[in-house]
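# Fold and geometry: a report
Each chain, written out:
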Amino acid sequence: MVRSATALVTVLILSGFVWIQQVATHTVVRGDTLWDLAQRYYQNPWEWRRIYEANQDKIRDPNLIYPDQVFSIPGLTAEITDVAVEPGPRAAEPPQARPGGIQRTVFYQDTSVMRAGVVRAAANASVAVARDAVYSAPWLERLDEEAERLGRLQGFAGGANVSQTPRSYDRVRVEFFGPRPRVGDQLLVYRVERRIENVGDVVWPTGVVTVSVVDESDVVVIVTKEYGRMQFGDFVGALPSYAVTPGDAAQPVSDGSVAMIMGFAGDNAVQDLEGIAFLDLGSDGGVS
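Summarised in this report is the structure supplied together with it. (Residues numbered from 1 in each chain as written. Predicted model: local features only at pLDDT ≥ 70, side-chain atom pairs only at ≥ 80, totals over all residues. Heavy atoms only, no water.)

The next point concerns the environment of Ala38. Structurally, Ala38 is set in helix H1 (residues 34-42). Classification of Ala38 by relative accessible area gives buried; the value is 0%. Residues contacting Ala38, with those up to four places away along its chain left out, are Gln43, Asn44, Pro45, Glu47, Trp48 and Ile51. (Helix = DSSP H or I, 4+ residues; strand = E, 2+ residues; numbered from the N terminus. Buried < 20%, exposed > 50% of the residue type's maximum accessible area, 1.4 Å probe, protein only. Contact = heavy atoms within 4.5 Å.)

Okay, here's the thing in C-alpha cells:
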C-alpha cells in the first residue's frame, strides 16, 4: 500500500519576491482510515475529528472514506515565506534520495527521484513483495487441515470507540485457547470467508494486533493494521514468516515446474486484474 500527500501551492509575485503558502492535502488510497491519517499527520489517532470536520462536504460517514478523495489536513499550513526571484530559468534541482530503511515494492514510484518523468530505478531499494502484502494475503486451508487458532476477538477493552467493530488503535479483549502471548507480540487477525468445493476454505486476514496487556483475567491487544473490516469473533494466529530483503525481485521459474489453479480468493464469476489465485504448487516445488 502506498499512501500519498500533496500540497496545494499558492504563489504571489510582489516587488521581486514570491510569497508561498502551502495547504497540506491527502489523497485517499485503499486501506486509509481517518484514524490512520490522524496518526500520520498529528501523531495522535484521536485527532481524527479535525480531519473529519474540515472535510464534511466530502465525508458522510467517518467510518467510510473512499480512494481518490482529496482531504484538506487542517493545522498543517506552512508559514508564508519570502523567496527572492532569480532572473532566468532555474537549474533543475538534483533528485533527493529517499530516507534509508524504507522498503517498497517494485511497483512503487518515488517522485522525489523523478527527472523528466522517469524514475531512476537504481534509487529504489525495492522488494518483490512488501511485508503488508504478505500479511494481508488470503490463504487456502485444505479440508483435512486447519490452521492453529490461538484465540478469538471478544469485545472492546475500554476507550472512546466510534465504531461497532474494531478499528485502528482500538483496544480489544482476546480469548486465548491455549498459552497466553507476551506483551509486544504481534498477531494476525483473520476469519474463514467461504469454501471452494472439494478444495478448501478461503481464509482472509483482517488486520494485525499488538498485545498490550496480559494479566490473570484479560489479554488486551491494540489494532495496529487494518486489511479489512474486523469483527468480534475473528480468530487470531501467528504472523506469516517474512524474510524478503531489499533488492529481492521475482524471478521466472526455470525448472519446468507447472502448476494448476485450484481456485480464486474472490467469489466473482469472472476474474479480473489483481485477482488472487491458489495454486497446487508451493515451496516444495521450488516456488517462494
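Here the narrative resumes, following the displayed structure.
This part takes up unusual backbone geometry. Leaving glycine aside, a negative phi is the common case for residues, and trans is the common case for peptide bonds. Residues other than glycine seldom take positive phi values, yet Tyr169 does so here, at roughly 75°. Inspection of the secondary structure assignment puts Tyr169 in the loop between strand E10 (151-156) and strand E11 (171-176). Tyr169 gets classed as partly exposed once you look at its relative accessible area, which sits at 23%. Of note in this structure, Asn198 is not a glycine but carries a positive phi near 65°. Checked against the element boundaries, Asn198 lands in the loop between strand E12 (186-196) and strand E13 (200-214).

Below, the discussion takes up the nonpolar core. Formed by 15 residues in total, the largest nonpolar core has its most connected members in Leu34, Ile51 and Phe71. Taken together, the elements giving at least two residues each to this core come down to H1 and helix H2 (48-54). With 6 residues, the top contributor of residues to this core is H1. For Leu34, the residues in contact, after removing those within four places along its chain, are Trp48, Ile51, Tyr52, Ile59, Pro62, Ile65 and Phe71. Ranked by size, the runner-up nonpolar core spans 13 residues in total, among them Phe176, Val209, Val211 and Met230. (Core = buried A, V, L, I, M, F, W, Y, C linked by side-chain atoms within 4.5 Å.)

The next subject is the pairing of E10. Inspection of the sheet shows E10 paired to E11 by 5 bridges, in the antiparallel sense. By the bridge assignment, Arg152 is partnered in E11 with Glu175. Note: E10 against strand E15 (residues 235-238), 2 bridges, orientation antiparallel. Pairing of Gly151 across the sheet is with Val236, part of E15. (Pairing = 2+ DSSP bridges.)

Attention now moves to the pattern of salt bridges. Applying the stated criterion across every chain yields a total of 8 salt bridges. For the salt bridge of Arg167 with Glu226, the shortest nitrogen-to-oxygen distance reads 2.7 Å. You can see Arg167 sitting in the loop between E10 and E11 and its partner Glu226 sitting in strand E14 (residues 219-226), a full 59 residues away along the chain. Taken individually, Arg167 and Glu226 each receive the classification buried, so the pair is uniform in this respect. Arg191 is paired through a salt bridge with Asp234; the nearest N and O atoms lie 2.8 Å apart. In this pair, Arg191 is assigned in strand E12 and Asp234 in the loop between E14 and E15, connecting sequence segments 43 residues apart. Here Arg191 and Asp234 have matching classes, each one buried. Beyond isolated ion pairs, a larger network of salt bridges with shared partners links Arg142, Asp144 and Glu145. (Salt bridge = Lys/Arg side-chain N within 4 Å of Asp/Glu carboxyl O.)

Turning to the packing of aromatic side chains, a few remarks are in order. Inspection of the entire model under this criterion finds 5 aromatic pairs. Measuring from centroid to centroid gives 6.4 Å for Trp35 and Tyr169, while their planes differ by 20°, and the two rings are stacked. With Trp35 in helix H1 and Tyr169 in the loop between E10 and E11, this pair connects stretches of sequence that are 134 residues apart. On the numbers, 6.1 Å between centres and 35° between planes, the contact of Tyr190 with Phe235 is tilted. Of this pair, Tyr190 sits in strand E12 while Phe235 sits in strand E15, and the two are 45 residues apart along the sequence. Relative accessible area serves as the criterion here: at 3%, Tyr190 is assigned to the buried category. Here Phe235 falls in the buried class, since its relative accessible area comes to 18%. Three or more aromatic residues joined by ring pairs make a cluster, and in this case those are Trp139, Tyr190 and Phe235. Seen from the ring of Tyr42, Arg50 lies directly overhead, with NZ or CZ sitting 4.3 Å from the centre. Residue placement shows Arg149 over the ring face of Phe235; its charged tip is 4.7 Å from the ring centre. (Phe/Tyr/Trp six-rings, centres within 6.5 Å; stacked < 30°, edge-to-face > 60°. Lys NZ or Arg CZ within 6 Å of the ring centre and 35° of its normal.)

Everything listed here is a matter of geometry and, on its own, says nothing about what the molecule does.
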